[in-house]
Amino acid sequence: MKKLVAIVGAFLLACSLPLSGAAAGKQMFSDVPPSKHFANAVNELAARNIIGGYPDGTFKPGNSITRGQAAAIIAKMIGLDTSYRIEQKFKDVPASYGFNRAIARMAEEGIIGGYPDGSFKPDEPIKRKNMAAILVKAFDLPRDVEVKNPFKGEVGITNDVLVIYKLGITSGTSPTTFSPNASITRGQASKMLVAAEQVVMKNAVTVKAGDLGWHAMTAVIDDQVNPDVFRAVKVKGKNDTLSQVQLFPVKEGTGGVVIWGRDAELNMKYQKYHVHVKKEGRKLRLTLEKTDESLPTLVSLNTKYKPVQNIALAKTDGENISDNVTIEKNEYNFTYIRIEKPGDYIATVRFSNGDEVRYRVTAFEMDDSFLYGTNSVEIGPPVDPLDPVNPEKPLPGQLTTYLPEDLQDADYRIAHVMLTMMGQKVTHYPADYLITDPIKDGPYGEMREIEFYERQFGKYNEMAKQNILYLKWFTKEDSVVGEMLNRWLEGDFSQVTKDYRTLRAMTDDDYGNCADVCLDDFIKARTKRAEEYFLKTVSGAEAVKRFHAEWGTE
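Residues numbered from 1 in each chain as written. Predicted model: local features only at pLDDT ≥ 70, side-chain atom pairs only at ≥ 80, totals over all residues. Heavy atoms only, no water.

**A word on empty space enclosed by the protein**
Any empty space left between the atoms is revealed when a probe the size of a water molecule rolls over them.
Argument step 1. If you walk through the whole model with that rule in mind, you get two cavities of 30 Å³ or more.
Argument step 2. In this structure, the largest cavity is lined by Ile51, Phe59, Ile65, Ile73, Arg186, Ala189, Ser190 and Leu193.
Argument step 3. Considering every element that reaches the lining of the largest cavity, the biggest residue donor is helix 7 (residues 186-202), with four residues.
Argument step 4. The residue makeup of the lining of the largest cavity, split by class, is six nonpolar, one polar and one charged. (1 Å grid on protein atoms, 1.4 Å probe; cavity = no way out; pocket = protein on both sides within 12 Å on 5 of 7 lines; lining within 4 Å. Points joined across faces, edges and corners; volume = space filled by probe spheres on them. Helix = DSSP H or I, 4+ residues; strand = E, 2+ residues; numbered from the N terminus. Nonpolar A, V, L, I, M, F, W, Y, C, P; charged D, E, K, R; others polar.)

And the structure:
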């Protein structure tokens, strides 16, 4: 489903952008006077709760920083979520270790590594060259910097060292030395961290809520189109609300980002951008291009764990798309195919045992996503229902696609058809009165109820009197489904919730767990237009009046 970027400010967990000069210049520790070259960096990181000092009010900038401490500080700076525990890959970092989660998350992201023996040595002082490697990976700094090595004669000068030197993150311990194998001090590390963050900030492109005429931003979707091309960071403004999004180039290519927001009237707003990253000279340049484009999307077909031989795809108007579409993947009981354009389709699945089943597939444009919205509903084998009295003449308005022999003495199949019929009468999203209005925060964005209903369940006139009469051919009057069909034929839907649960229990052995029961509230809301149409079709105007009286919907 969709990734929402963590709310961080310039790679921070809880703070916003780097502090102002005045705030950063405030002396925080007695042993870090303003004259020290790392003083501003230390004060800024301390004010942002990235680093801390000692109980006696000192910072001890000359002390070394350990590998574990470095992992924890950088994890916080780049906004890694360490609120949950994951498997630790290093044998010498037990669960009780203070920086266990930060180390595990940094390793999971590929930012840090250990030693060949499977250890990490978290309490060992980190070397300057190792710090350079972590900074390059953590801040996604360019790795192809071409620079003349000013540190000749030193062993341990890596490409990462040259990258941070070229970007001005460090100038070395002297004009000709970097001391790659020396331990980095707390003061040096602070200055490098702030400098690396500032390098990234210089290449950022900022989109503000005000630029779009919005009151606020609410979310950023950045993982749908080539997310490795750029990095998106949400920045908080006043009152802890999202005020802007900053986009940073990572490598050449074109990605996509969707920004969500609200206007002054709290209406939902969406803006899609193509994110173009190109190299100009030795720098990456990021530009944004507004678009309303949607992209081909995978749709899932519930093939119920059965081996699939091939899938044919056609439009509902009969136009053939392919006799053998590519199966993109199989996951659990679902088979996925790709839909290239919006529209209504019929997917015919041939299983390895020779059976065929059809699915109604719909793909539609989405304002809040680069991907089409999709849904699929099984509509049975590719045959037309027949009138048992006159097999050569298909009944009009039929919903069921089961053959007569499939329905004979098979109440559970009849129940399945009735559930489909009920799906055309009972919405799965509340708000009868919204049938002609946009659904606020609905499952498919601000789609009108009528549009959502038709996309999900088909046209209203398919649920006609003939459907009930057809099913009654195969039911006993005193059976559960027979009694239910008689009530429906009379226009009595006073037990609609009970009917739904009964039919679900008949067709689904697993029905009754929380995943189903917790969703039952959705069926309590009825679509007025669909019900009235059904009642008019079945029993006329008198049934409609009775319905209004029973449900209090005058």
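After that view of the structure, there is still more to cover.
**Some thoughts on the pattern of salt bridges**
Argument step 1. This structure, assessed with the given rule, holds 15 salt bridges.
Argument step 2. Taking the shortest distance from any N to any O, the salt bridge between aspartate 56 and lysine 60 comes out at 3.6 Å.
Argument step 3. On the basis of relative accessible area, aspartate 56 is assigned to the exposed category, the value being 51%.
Argument step 4. We classify lysine 60 as partly exposed; its relative accessible area is 28%.
Argument step 5. Of the charged contacts in the structure, one is a salt bridge between glutamate 328 and arginine 338, with a shortest N-O distance of 3.5 Å. (Salt bridge = Lys/Arg side-chain N within 4 Å of Asp/Glu carboxyl O. Buried < 20%, exposed > 50% of the residue type's maximum accessible area, 1.4 Å probe, protein only.)

**Details of the nonpolar core**
Argument step 1. With 58 residues, the main nonpolar core has Met106 and Met131 as its most contacted residues.
Argument step 2. The set of elements that each furnish at least two residues to this core consists of helix 2 (39-47), helix 3 (67-77), helix 4 (100-108), helix 5 (128-138), helix 6 (159-166) and helix 7.
Argument step 3. With 18 residues, the next largest nonpolar core counts Val207, Val229, Val257 and Leu284 among its residues. (Core = buried A, V, L, I, M, F, W, Y, C linked by side-chain atoms within 4.5 Å.)

**Some words on the sheet that holds strand 12 (residues 334-339)**
Argument step 1. Ordered in space as 8-12-11, the three strands form an open sheet in which the pairing is antiparallel. Since the sheet does not close on itself, it has two edges, and those belong to strand 8 (297-302) and strand 11 (327-331), each with one partner. For this sheet, the mean angle separating the axes of adjacent strands, direction not counted, is 30°.
Argument step 2. Taken together, the four bridges between strand 11 and strand 12 define a ladder with antiparallel strand orientation. (Pairing = 2+ DSSP bridges. Axes fitted to C-alpha atoms, helices over the stretch in contact; angles between N-to-C directions.)

**Digging into the sheet that holds strand 7 (residues 283-291)**
Argument step 1. If you walk across this open sheet you meet the four strands as 2-5-6-7, and the pairing is antiparallel. Looking at strand neighbours, the two that pair on one side only are strand 2 (216-225) and strand 7, the edges of this open sheet. On average, each strand axis in the sheet is inclined to that of its neighbour by 30°, with strand direction left out of account.
Argument step 2. Note that strand 6 (residues 268-280) and strand 7 share nine bridges and pair antiparallel. The residue of strand 7 that forms the bridge with valine 277 is leucine 286.

**Digging into unusual backbone geometry**
Argument step 1. In this model, serine 179 sits at a positive phi of 55°, which is unusual for a non-glycine residue.
Argument step 2. Within the element layout of this structure, serine 179 appears in the loop between helix 6 and helix 7.
Argument step 3. Despite not being glycine, asparagine 226 has its phi angle at roughly 45°, a positive value.
Argument step 4. By relative accessible area, which is 40% here, asparagine 226 ends up partly exposed.

**A look at the environment of threonine 206**
Argument step 1. Along the chain, threonine 206 turns up in strand 1 (residues 205-208).
Argument step 2. Residue threonine 206 is classed as partly exposed on the basis of its relative accessible area, which comes to 32%.
Argument step 3. Each C-alpha atom, one on threonine 206 and one on phenylalanine 248, is 9.0 Å from the other, the two residues being 42 residues apart in sequence.
Argument step 4. When residues no more than four places from it in sequence are discounted, the contact partners of threonine 206 are Asp211, Gln244, Val245 and Gln246. (Contact = heavy atoms within 4.5 Å.)

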